[in-house]
Protein chains: 2
Amino acid sequence: MRTPLQHPAGKDGVLQYAGIGGLDLETGGYLPDVVLAYETWGQLDADAGNAVLIPHALTGSSHVARGSSTEPGWWEELVGPGRTVDTNRYFVVSVNMLGGCYGSTGPSSPDAAGLPWGSRFPFVTIRDSVRAEARLADGLGIARWHTVLGGSLGGARALEWAVTEPDRVLHCGVIAATAASTAEQIAFAQAQLAAIRLDPAFNGGDYYNGAPPLAGLGLARRIAHITYRSEPELDYRFGRTPQTAEDPFGAALPAGRGRYSVESYLDHQAWKLAGRFDANSYLVLTEALVSHDVARGRGSLRAALAGTTADFFIAAVESDRLYFPQQSADLAAALPRGTSVHLIRAPIGHDGFLTSIREISGALKREVFG
Amino acid sequence: MRTPLQHPAGKDGVLQYAGIGGLDLETGGYLPDVVLAYETWGQLDADAGNAVLIPHALTGSSHVARGSSTEPGWWEELVGPGRTVDTNRYFVVSVNMLGGCYGSTGPSSPDAAGLPWGSRFPFVTIRDSVRAEARLADGLGIARWHTVLGGSLGGARALEWAVTEPDRVLHCGVIAATAASTAEQIAFAQAQLAAIRLDPAFNGGDYYNGAPPLAGLGLARRIAHITYRSEPELDYRFGRTPQTAEDPFGAALPAGRGRYSVESYLDHQAWKLAGRFDANSYLVLTEALVSHDVARGRGSLRAALAGTTADFFIAAVESDRLYFPQQSADLAAALPRGTSVHLIRAPIGHDGFLTSIREISGALKREVFG
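Residues numbered from 1 in each chain as written. Chains lettered and ligands numbered in written order. Predicted model: local features only at pLDDT ≥ 70, side-chain atom pairs only at ≥ 80, totals over all residues. Heavy atoms only, no water.

1. Comments concerning the overall build of chain A
- Helix and strand counts for chain A come out as 11 helices and 10 strands.
- For 370 residues, the compact-globule formula gives about 21 Å, and the C-alpha radius of gyration of chain A, at 21 Å, lands near that figure.
- Per-residue burial over chain A gives 63% buried out of 370 residues.
- Of the contacts made within chain A by residues no fewer than 6 positions apart, 72% connect residues no fewer than 24 positions apart. (Helix = DSSP H or I, 4+ residues; strand = E, 2+ residues; numbered from the N terminus. Rg over C-alpha atoms; globule rule 2.2 N^0.38 Å. Buried < 20%, exposed > 50% of the residue type's maximum accessible area, 1.4 Å probe, protein only. Contact = heavy atoms within 4.5 Å.)

2. Quick word on the domain arrangement of chain A
Residue and element names in this part refer to chain A.
- Segmenting chain A into domains produces domain 1 (16–181 + 292–367) and domain 2 (185–286).
- For domain 1 and domain 2, the distance between their C-alpha centroids amounts to 26 Å.
- In this complex, domain 1 contributes 31 residues to the contact, which on the side of domain 2 involves 27 residues.
- On the domain 1 side of the interface with domain 2, the three residues burying the most area are Leu58, Thr59 and Arg321, jointly 27% of the side's total.
- The tally of links between domain 1 and domain 2 comes to 1 salt bridge.
- Taking the shortest distance from any N to any O, the salt bridge between arginine 229 and aspartate 351 comes out at 2.9 Å.
- Of the residues that constitute the side of domain 1 that touches domain 2, the class distribution is 16 nonpolar, 13 polar and 2 charged. (Domains from an automatic or database assignment. Buried area = accessible area lost by both parts, 1.4 Å probe. Salt bridge = Lys/Arg side-chain N within 4 Å of Asp/Glu carboxyl O. Nonpolar A, V, L, I, M, F, W, Y, C, P; charged D, E, K, R; others polar.)

3. Some details on the relation of the copies chain B and chain A
- Superposing chain B onto chain A requires a rotation of 180° together with a translation of 0.0 Å along the rotation axis, leaving an RMSD of 0.0 Å. Between the two chains, the operation in question is that of a two-fold axis.
- The share of interface residues of chain B whose copies in chain A are also at the interface is 100%, consistent with both copies meeting through the same surface. (Least-squares fit on C-alpha atoms with pLDDT ≥ 70 in both.)

4. So, the UniProt feature "binding site: substrate" (unreviewed entry) in chain A
All names here are of chain A.
- Summarizing the sequence annotation, UniProt attributes the feature "binding site: substrate" (unreviewed entry) to Arg221 and Asp351 in the numbering used throughout. The annotated residues occupy 131 residues of the chain but converge on a single region, no pair of C-alpha atoms lying more than 13.4 Å apart.
- By the secondary structure assignment, arginine 221 is in helix α4 (residues 214–228).
- Sequence-distant contacts of arginine 221, that is, excluding residues within four places in its chain, are made with Thr59, Tyr228, Gln269, Ala270, Leu273, Arg276 and Tyr282.
- Within the local environment of arginine 221, its side chain forms a polar contact with the side chain of threonine 59, the two groups lying 3.3 Å apart.
- Overall, the relative accessible area of 8% leaves aspartate 351 in the buried class.
- Setting aside chain neighbours within four positions, we find aspartate 351 in contact with His225, Tyr228 and Arg229. (UniProt positions renumbered as here; feature names shortened; annotations may be inferred. Polar contact = N/O pair within 3.5 Å; in protein donor to acceptor, adjacent residues only side chain to side chain.)

5. What about the interface of chain B and chain A?
- Of the residues lining the interface, 61 residues belong to chain B; the matching set on chain A comes to 61 residues.
- For the pair chain B and chain A, the two sides together bury roughly 4,700 Å², of which 68% comes from carbon and sulfur.
- Counting the surface chain B buries against chain A, the share from its top three residues, Leu198, Arg240 and Phe249 of chain B, is 15%.
- For the pair chain B and chain A, the interface holds 6 salt bridges.

6. Describing the UniProt feature "active site" (unreviewed entry) in chain A
Residues and elements named next belong to chain A.
- The UniProt entry lists Ser152, Asp320 and His350 under the feature "active site" (unreviewed entry), expressed in the numbering used here. These annotated residues cover 199 residues of sequence, and their C-alpha atoms all fall within 10.8 Å of one another, placing them together at a single site.
- Apart from the residues within four sequence positions on either side, aspartate 320 is in contact with Ala176, Pro325, Gly349 and His350.
- When near neighbours in sequence (up to four residues on either side) are disregarded, histidine 350 contacts Ser152, Ala176, Thr227, Tyr228, Val317, Asp320 and Tyr323.
- Among the polar contacts made by the side chain of histidine 350, one reaches the side chain of serine 152 at a distance of 2.7 Å.

7. Quick notes on helix α9 (residues 325–334) of chain A
- Along α9 of chain A, the positions that sit buried rather than exposed are Gln327, Ser328, Leu331, Ala332 and Ala334 of chain A. Projected onto a plane normal to the axis of α9 of chain A, the buried residues spread over an arc of 165° and lie on a single side. (Arc of directions from axis to C-beta.)

8. Quick notes on the side chain of serine 328 of chain B
- Secondary-structure assignment places serine 328 of chain B in helix α9 (residues 325–334).
- When neighbours within four sequence positions are excluded, serine 328 of chain B is seen to be in contact with Ala177, Ile314, Ala315, Ala316 and Val341 of chain B.

9. Digging into the environment of serine 61 of chain A
Residue and element names in this part refer to chain A.
- In this fold, serine 61 is placed in the loop between β3 (51–53) and β4 (79–80).
- For serine 61, a relative accessible area of 17% corresponds to the buried category.
- When the C-alpha atoms of serine 61 and glutamate 233 are compared, they prove to be 25 Å apart, with 172 residues separating the residues in sequence.
- The contact partners of serine 61, leaving out residues within four places of it in the chain, are His56, Trp74, Ser94 and Tyr102.
- For serine 61, the side chain forms a polar contact with the main-chain nitrogen of histidine 63, separated by 3.0 Å.

10. Notes on the environment of leucine 140 of chain A
Residues and elements named next belong to chain A.
- Following the sequence through the fold, leucine 140 ends up in helix α1 (residues 126–140).
- Given a relative accessible area of 9%, leucine 140 falls into the buried group.
- Separated by 70 residues in sequence, leucine 140 and threonine 70 have C-alpha atoms that sit 25 Å apart.

11. Here's the deal with the pairing of strand β10 (residues 341–344) of chain B
Residue and element names in this part refer to chain B.
- Side chains His342 and Ile344 project from β10 onto a buried face, and the interleaved Val341 and Leu343 project onto a face without burial.
- Bridge count for strand β9 (residues 311–317) against β10 is 4 bridges, and the pairing is parallel. When the sheet's bridge partners are listed, alanine 316 is paired in β10 with leucine 343.
- Read from β9 through α9 to β10, the crossover connection turns out right-handed. (Pairing = 2+ DSSP bridges. Right-handed = clockwise from strand over helix to strand, strands pointing away.)

12. A few points about the sheet that holds β10 of chain B
All names here are of chain B.
- Across the sheet, which stays open at both edges, the 8 strands sit in the order β1-β2-β6-β3-β7-β8-β9-β10 with mixed pairing between neighbours. The sheet is open, and its two edges are formed by β1 (16–24) and β10, each paired on a single side. Averaged over all adjacent pairs, the angle separating strand axes in this sheet is 25°, with direction ignored.
- Where strand β3 (residues 51–53) lies against strand β7 (residues 145–151), 2 bridges are found, and the strand directions are parallel. Across the sheet, the residue bridging to valine 52 is threonine 147, located in β7.
- Across the sheet, helix α1 (residues 126–140) is in contact with β1, β2 (30–41), β3, β6 (91–95) and β7; its angle to β1 comes to roughly 130°. (Axes fitted to C-alpha atoms, helices over the stretch in contact; angles between N-to-C directions.)

13. Section: the packing of aromatic side chains
- Inspection of the entire model under this criterion finds 21 aromatic pairs over all chains.
- Through a chain of ring-to-ring contacts, three or more aromatic side chains come together here, namely Tyr102, Phe277 and Tyr282 of chain A. (Phe/Tyr/Trp six-rings, centres within 6.5 Å; stacked < 30°, edge-to-face > 60°.)

14. Quick notes on the pairing of strand β8 (residues 169–175) of chain A
All names here are of chain A.
- For β8, a buried count of 6 out of 7 residues is recorded, marking the element as mostly surrounded by other parts of the structure.
- Sheet analysis places strand β7 (residues 145–151) next to β8, joined by 6 bridges and oriented parallel. Within β8, the residue paired with threonine 147 across the bridge is histidine 171.
- Crossover connection from β7 via helix α2 (residues 153–164) to parallel β8: handedness right-handed.
- Inspection of the sheet shows β8 paired to strand β9 (residues 311–317) by 5 bridges, in the parallel sense. What sits directly across from isoleucine 175, in β9, is alanine 315.

Here is the structure:
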């Protein structure tokens, strides 16, 4: 992308594409002719001071809010006309992450020869994605974001923005995310990637001319989804209740027994994700998340954060057992000026950053979007 | 088994076999000519009042202690001459669970035609295994166990013994186990079973004439092992350290990158289990664990426990995030005479019932084996 893009009016929440040229990647790979897919809401001010970037989480998309489309967005409660991130005041941008499957260059994209990248798609880190998005910001005429705000992987992306491009981030919101992916997060991620690779349909990543590895991707999601929810949440919603019209004790053979409702629920989550997401993108973005360590190559965490200029807003879900609130507190304490952690009081677990974001809307309004 | 067995002296910790005849199963299956493999330590008193049954956990075996073999047992710290469960005083018995792969009739056993059961092996519940073990106890001349004591699935087996055979259990020790498998435990179990079934080598369970589904079984173990350890344990031991001589950022391709040490550790756990355990047995015993609900068909939990006569010893690992201490407290509170929960103070997580059993040795000695 060599010429600044014009934001087309009336296209709130509609996918747009920008070519940003070739990208040298942190671990040695190269992607030519990278395209980023993104959505915007609202209008950019003349001084470009009202731009807000909202990075999505692992299997999220750029569709943060409905806008002029009919499809609900994943942070509608937070973003829209009159909402906390008021699109009558702010120009909101969300970019499908490099390596994803919602329009940006990813493993299912064609290479120069017109064939899907598949197994040849390179390792991309969160820092690579920030560098790509910085080029998009250049193209949009955004020298500095008023705010970069995200949850989970989106929070890690926001944090990397503030550290990699310290002069380009005024406020940084890191919700239910850590300074670095932990041993346990790596461990659960590895199990998910092993599930995808175990599916014979995966074929090493080159499955685009055949059936995709739905079962492997579904299993990956199944594992992940349990970690996104708390034990009390699963107990309260499902307990040991059998699925309607099924009997877990009704057959002599294990393969033939009826399901518990929690199994049916996870079957549903597995197939829902498998039907909308690309397994290679799941792999690539999970690897990016595993690679996340804002201090990597920058000395200690404190040293890495020392150069940031952003005002930080840190929040955690109190019942999160994948991104523990204490890890958010450790991040907050390592910031140059320190800060406290806002608690999303919800029993659901990690997914509270999506389902219960209203718990911190007031604080976000006061401290960031006032 | 129609004639009482004689315990052969000098065979402590050596596998023995007993035929217990055909077994009708709870959900409608039938197993003819069931064999139970078991080990014993010490000598049965003339009045058979010193017999202790120690059921093993999911992938455990009957090899609780070394005895006259050279192979270390899994509860050596607790069981042996002069130990808390003093084999100079007590006659200890451990039975490989029905459906397992350490000698008792299981999916790899031959059926009447001499072919492995494989996919045709029936659904067995913990209650089925108790009924089978009761026949073994008859054969050994043990009318009542002084104690039945186990951890995890072994604790669930001990609890079912006390409820299913209330007149045959004097003391019952339930460690790191619940009154019923919870929604989360079912959810993680389902993911593990899906991993085994996803492995193309599984072949629906009929793989005994070919390569076994090692990758699927390994993935199941990988998932399980994370849940057996606490997040702080993984963080303390591994953090984000790369595996020696490997570089997680050293390659452009995700499939080719070096591992983090936590990944190498889980690879090791996965292959260690896959090399010693049968995938179908993992499936059958996991299904038995999923089926665990001591109140099933017996009214409320309190009603189910009302008929027990055993003195209960309940313990939990304080850092357990698979079998939460609160769940042990709920079980303890539902007992006819109530009781308190002994805490195994260890940061490791669920596996503390194995690695830190010494934390409750004193209490066990005082309250059960004094």
